[in-house]
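What the coordinates show
What follows is each chain in one-letter form.
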Amino acid sequence: MSRRAAPAPPPPGGVLWSEVGDIRVLLTLPAALTMQVAHPAVGAGVDAYSVFRTDPWGRGERSLRSMQLWVYGGEAAAEEGRRLRALHRTIRGTDTRGRRYHALEPATFSWVHATGFPVFLHGRKYLGRPYTDAQERQLYAEWLQVGRILGIADRDMPQTIEEFWPYYRKMLADEIEATPLVRELTAPAGPVPPPDRGPRALRLLLRVAWPVLLPPLARFRHFVTVGLMPPEARQAIGLEWTDSQERALRRLGRCVRAVVPALPERVRYLPSARAARADHRAAAARGLTRRPGGPDPSA
């Protein structure tokens, strides 16, 4: 993909512009990641090549920074797409079904990208106002644009929502399973080291308090991972979800919907999003650009 032909990121004022930098995205990412590694090839690749066990906080920070670039990075969005493809070029092996895989095979790479769309839709039912039909279609069009940034050819992505759902159901029926990595990521407890980022005093405090903090944090991670996963994916993987958990998730959702939209921008949005939104407002004030019309879908 040449630099001249590099696709542009989704537009300012679009659905992803409001969603990807909102702190609520932190609650939905674990569900998307778990759906990704439920693919035998993706699970095998992450298991063999990722440092998520030895450096989970750094790995999570890098993944989040990469996702922010896809939407808020401007010209750097396509560069990040090229970087990711180069990073995955050497990832190959044998998946959990004994099949040879390569990380950049279209069917594999496209599934990793595809998981974001149903997770966004499902998460909105709890964490925000459900999308209108127009917003849902805009979201899908923008998610296709992100796929192009990542180097996924149009022929390897369903080009409409109507084409997406049969593809999605077929993947759940034929490919998705409870891989060893899924079982590890959805365990209500696990050996996660304390965060190693931030001021030294805070890191020392967390190290001391970690034996007490980790169990409830691990249970919460399990709760949002399974709960914010679309029910059909949850069923395909074989994850349990009770009526009492559903009621608890709805209570959490009501709290999040009430609190987050009322937060000031410096708290509500992640740093990359805040900077991009400020730059866009400044450019608009100088008459250099114009925010697309329509209501903000992020409330």
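Reading the values: the criteria
Residues numbered from 1 in each chain as written. Predicted model: local features only at pLDDT ≥ 70, side-chain atom pairs only at ≥ 80, totals over all residues. Heavy atoms only, no water. Helix = DSSP H or I, 4+ residues; strand = E, 2+ residues; numbered from the N terminus. Contact = heavy atoms within 4.5 Å. Areas by Shrake-Rupley, 256 points an atom, 1.4 Å probe, with all protein chains shown as cover. Lys, Arg positive; Asp, Glu negative; His and termini not counted. Charge placed at Lys NZ, Arg CZ, Asp CG, Glu CD. Core = buried A, V, L, I, M, F, W, Y, C linked by side-chain atoms within 4.5 Å. Buried < 20%, exposed > 50% of the residue type's maximum accessible area, 1.4 Å probe, protein only. Axes fitted to C-alpha atoms, helices over the stretch in contact; angles between N-to-C directions. Parallel < 35°, antiparallel > 145°, perpendicular 65-115°, else oblique. Left-handed = near helix turned anticlockwise from the far one by under 90°. Nonpolar A, V, L, I, M, F, W, Y, C, P; charged D, E, K, R; others polar. Phe/Tyr/Trp six-rings, centres within 6.5 Å; stacked < 30°, edge-to-face > 60°. pLDDT = per-residue confidence, 0-100. 1 Å grid on protein atoms, 1.4 Å probe; cavity = no way out; pocket = protein on both sides within 12 Å on 5 of 7 lines; lining within 4 Å. Points joined across faces, edges and corners; volume = space filled by probe spheres on them.

What to know about the overall build of the chain
- If you tally the helices and strands in the chain, you get 15 helices and two strands.
- The C-alpha extent of the chain, read off along each of the three principal axes, is 50 × 45 × 40 Å.
- For the chain, restricting intrachain contacts to residue pairs at least 6 apart in sequence, the fraction spanning at least 24 positions comes to 75%.
- On the chain, roughly 15300 Å² of surface is accessible, and the fraction owed to carbon and sulfur atoms is 59%.
- For the chain, the centre of its 44 positive side-chain charges and the centre of its 29 negative side-chain charges are spaced 5 Å apart.

Some remarks on the nonpolar core
- Formed by 63 residues in total, the largest nonpolar core has its most connected members in Leu16, Trp70, Trp111, Phe117, Leu139 and Leu228.
- Discounting residues that sit within four places of it in the chain, Leu139 has contacts with Val15, Leu16, Phe117, Phe120, Leu121 and Tyr131.

Section: the packing of helix H2 (residues 25–37) against helix H11 (residues 200–227)
- The contact between H2 and H11 brings their axes to 7 Å, and the two run at 70°. By the criterion of interaxial angle, the relationship of H2 to H11 is roughly perpendicular. Two packed elements cross with a definite hand, and for H2 against H11 that hand is right-handed. Facing Leu27, Pro30, Ala31 and Thr34 of H2, the residues of H11 in contact are Phe220, Val224 and Thr225.
- Its residues assigned to classes, the contact of H2 with H11 shows five nonpolar, two polar and no charged.

A word on the packing of aromatic side chains
- With the rule as written, the count across this model stands at 14 aromatic pairs.
- Here the aromatic rings of Phe117 and Tyr140 are separated by 4.8 Å at their centres, their planes lie at 70°, and the arrangement is edge-to-face. Placement of the pair is Phe117 in helix H7 (residues 116–127) and Tyr140 in helix H8 (residues 133–149), with a sequence separation of 23 residues.
- On the basis of relative accessible area, Phe117 is assigned to the buried category, the value being 0%.
- Taking 5.6 Å as the distance between ring centres and 15° as the angle between the ring planes, the aromatic pair formed by Phe164 and Tyr168 counts as stacked. Of the two residues, Phe164 and Tyr168 both sit in helix H9 (residues 161–174), four residues apart, roughly one turn of that helix. Summarising the burial analysis for this pair, Phe164 and Tyr168 share the class buried.

Brief notes about the confidence of the model for the chain
- Mean pLDDT for the chain: 90, with 94% of residues reaching 70 or above.
- Taken together, the stretch residues 290–295 has pLDDT below 50 and engages in eight contacts with residues farther than four places along the chain or on a different chain.

Examining empty space enclosed by the protein
- Scanning the entire structure with this criterion turns up two cavities of 30 Å³ or more.
- What lines the largest cavity is simply Glu19, Asp22, Arg24, Val25, Thr28, Phe120, Gly123, Arg124, Leu127 and Gly128.
- When residues of the lining of the largest cavity are traced back to their parent elements, those giving at least two are H2 and H7.
- Among the elements that line the lining of the largest cavity, the one with the most residues is H7, at four residues.
- By residue class, the composition of the lining of the largest cavity is three nonpolar, three polar and four charged.
- Its volume calculated, the second largest cavity comes out at about 90 Å³.
- Every residue along the wall of the second largest cavity is listed here: Ser110, His113, Ala114, Tyr140, Trp143, Leu144, Asp156, Met157, Pro158, Phe164 and Tyr167.
- Grouping the constituent residues of the lining of the second largest cavity by class yields eight nonpolar, two polar and one charged.

Focus on the layout of surface pockets
- When its volume is computed, the second largest pocket comes out at roughly 160 Å³.
- Contributing to the lining of the second largest pocket are Pro118, Leu121, His122, Arg124, Lys125, Pro130, Tyr131, Glu136, Trp165, Pro230, Pro231 and Glu232.
- Listed by contribution, the elements that provide at least two residues to the lining of the second largest pocket are H7 and helix H12 (231–237).
- Per-element tally for the lining of the second largest pocket: the top contributor is H7, with five residues.

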